[in-house]
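# A structural walkthrough
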Amino acid sequence: MKKYLISSIVAAAVLCSCAQPKQQTGYRIDGEIAGVAGKVYLTVFEGKLPRVIDSAEVKNGAFEFSGDCAVPIFAAVETPDVPLVRFFLENSPMIRIVGAADRPQDIRVTGSATEDLYRQFLGQVDSVAKLLDSDSVKLSSTRIAFDLEKQRDSLGRVFVRKHSGSVAAAYVLFRGLSYEMSAKEIRQALDGLTPPASASVYAELLEKMAAALARTEPGQKYVDISVPDTAGMELPLSRFVGEGKYVLLDFWASWCPPCRAEIPNLVTAYKEFHSKGFEIYAVSLDKNRKAWLDGIKMFKMDWPQVGTLKFWESAAAETYGVRSIPSNVLIGPDGTILA
C-alpha cells in the first residue's frame, strides 16, 4: 500500500500550490458571481474540513485565481461567511465559475474534466436521493428506503470501478462509500485505483482509515487514548478498561441529531448495567464548550465525558477510524474489542 502513501510535506508542496506558474501549465480560474464583494477564498478539502490556499479581491463581481495543482482535489470558492460553490480543482487554463450569490445552487463551473465527471455521477445519485426524500417513501416501509439506499451505494461502487483513474472516484470512495466498509473492503477498493486517483489525498486518507479499522476490529486489543475531561484534566481510556468491566467507547456530539436520538438508549442501558460492570467513555466531537456541557446536562449523561473541542480534528476519532457519528466500540474486561 506504499504507493498510496504521500507524506504531509509532499502533499503540501505538490498537491496544490498557490504560487504563480511560470508557464500556463497550472490552473486559472476566472469567476463572475453577481452579488459578491470584498474577498473570496479558494479552499481545498483534504478531509472533512476545508483549508484556505488562496484569496482574491472581487471587482464588480469578478475575481481570478491561478496556481498549480498536480493532482486534482475537491475545492470551494467561499466568502468569509458562506461557501459559494464546490468543485474539482485541477490544472486547466480555462476554469470558469459563473452565477449569482443569491442562487448558489445555480452557480456553474466549466473547464474541469474531473468536475464534469463528478457532476454526471451526482446527477445519477440525486435521482435516487429525491425518491428517498419523497413523502411516499417516508410513509412506506423501511424496506423500500433500504433498497433505495443500496441502489445509491451501488451507483457509487460502479462509478469507482468504471473511473478508477479519476480523483473523483477516489473522492466518492472516501466521502460516500467508506463509512460502511471494513478495512479489507477499503484496501480492495484502493487496489483497484490507478493514477492519478491512487496518488490523491483521498487515497492517502483511505489507507489511514483502513489501518485504523484493522487495529480496532473485533478480536483486536483496544488502543488506549487519553483526552481531557470537562474540567480539562487528561482522562485515559485505560483507567476504565479491565477489572471485570465492559466499556462502551462512544463518539458523539451535541450538534449531531442521530447522536441525540440514540442518547436515551444509552441512558437506559447505563442505569440498568452500570452497577453490574458496564461503563461508557464518551468522546465528544463538539467544537463549542457550552453546547457540549449543556448537552451532557440536558440528557443526564452521568458517565465519563472527554473532548478536545476540535470538531472532526479529533485524534481519538482518527485512532478508531471514526468517519461518522454516533459511532462506538464495545471493549471487554480483558481489553479485547468485542463489537
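Keep in mind that what you see is a predicted model, and the values were worked out from it rather than measured. Sequence positions are assigned chain by chain, starting from 1 and proceeding in written order. With the structure being a predicted model, the display of local features is reserved for residues of pLDDT at least 70 and the display and counting of side-chain atom pairs for 80 or more, all residues being used for whole-chain, interface and lining totals. Processing note: side-chain calculations cover all non-hydrogen atoms of the structure and skip hydrogens and water entirely.

### Considering helix H8 (residues 257–273)
Given 3.6 residues per turn, any residue in an α-helix points the same way as the ones three and four places further on. Put simply, the test is: Secondary structure elements are taken from DSSP: a helix is a run of H or I of four residues or more, a strand is a run of E of two residues or more, and numbering for both begins at the N terminus. Expected span of a helix: the number of residues minus one, times 1.5 Å. In this analysis the local bend is the angle between axes fitted, respectively, to the seven residues ending at and the seven residues starting at the residue. Summary of the burial criterion: residues with accessible area below 20% of their type's maximum are buried, those above 50% are exposed, and those between are partly exposed, where the area comes from a 1.4 Å probe applied to protein chains only.
With 17 residues, H8 should reach 24 Å at 1.5 Å per residue; the first-to-last C-alpha distance of 25 Å fits that figure. Bending of H8 peaks at approximately 30 degrees at the position of Ile263, with proline Pro264 no more than four residues after it. Looking at H8, one finds that the buried residues are Cys259, Ile263, Leu266, Val267 and Tyr270.

### Digging into the confidence of the model for the chain
Just so we agree on the cut-off: pLDDT: the predictor's confidence for each residue, scored from 0 to 100. Contact between two residues is taken to exist if any of their heavy atoms lie within 4.5 Å; hydrogens are not considered.
With 86% of its residues at a pLDDT of 70 or more, the chain has an overall mean of 88. Note on residues 17–22: pLDDT under 50 across the span, and twelve contacts to partners over four residues away in sequence or across chains.

### Observations regarding the environment of Leu266
Tracing the chain through its elements places Leu266 in helix H8. Judged by relative accessible area, which is 9%, Leu266 ranks as buried. Considering only alpha carbons, one finds Leu266 and Phe299, 33 residues apart in sequence, at a separation of 10.0 Å. With residues near it in sequence (within four places) discarded, Leu266 still touches Leu248, Asp250, Ile280 and Trp303.

### Digging into the environment of Ile337
Within the secondary structure layout, Ile337 lies in the segment after strand S14 (327–331). Overall, the relative accessible area of 2% leaves Ile337 in the buried class. For the pair Ile337 and Gln220, spaced 117 residues apart in sequence, the C-alpha separation works out to 5.6 Å.

### Overview of the nonpolar core
Keep this limit in mind: Side-chain atoms within 4.5 Å link the members of a nonpolar core, which is a set of buried Ala, Val, Leu, Ile, Met, Phe, Trp, Tyr and Cys residues.
Within the largest apolar cluster, 59 residues are counted, with the highest numbers of intra-cluster contacts made by Leu42, Val77, Phe87, Leu89 and Tyr202. The element contributing the most residues to this core is helix H5 (residues 167–177), with nine residues. Leu266, Phe299, Ile325 and Ile337 belong to the second-largest nonpolar core, a separate cluster that totals 41 residues.

### Quick word on the sheet that holds strand S8 (residues 108–110)
For the record, the criterion: DSSP bridges decide pairing: two strands pair if at least two such bridges lie between them. Only the contacting stretch of a helix is used when fitting its axis, a line to C-alpha atoms as for every element, and angles between N-to-C directions run 0 to 180 degrees.
Read from one edge to the other, the open sheet built from four strands follows the order S4-S1-S7-S8, with strand pairing classed as mixed. Every other strand in the sheet has two partners, leaving strand S4 (62–67) and S8 as the edge strands with one partner each. Neighbour to neighbour, the strand axes of the sheet diverge by 15 degrees on average, direction disregarded. Looking at chain direction, strand S1 (residues 27–34) and strand S7 (residues 95–100) are connected through six bridges and run parallel. Paired with Gly31 across the bridge in S7 is Ile97.

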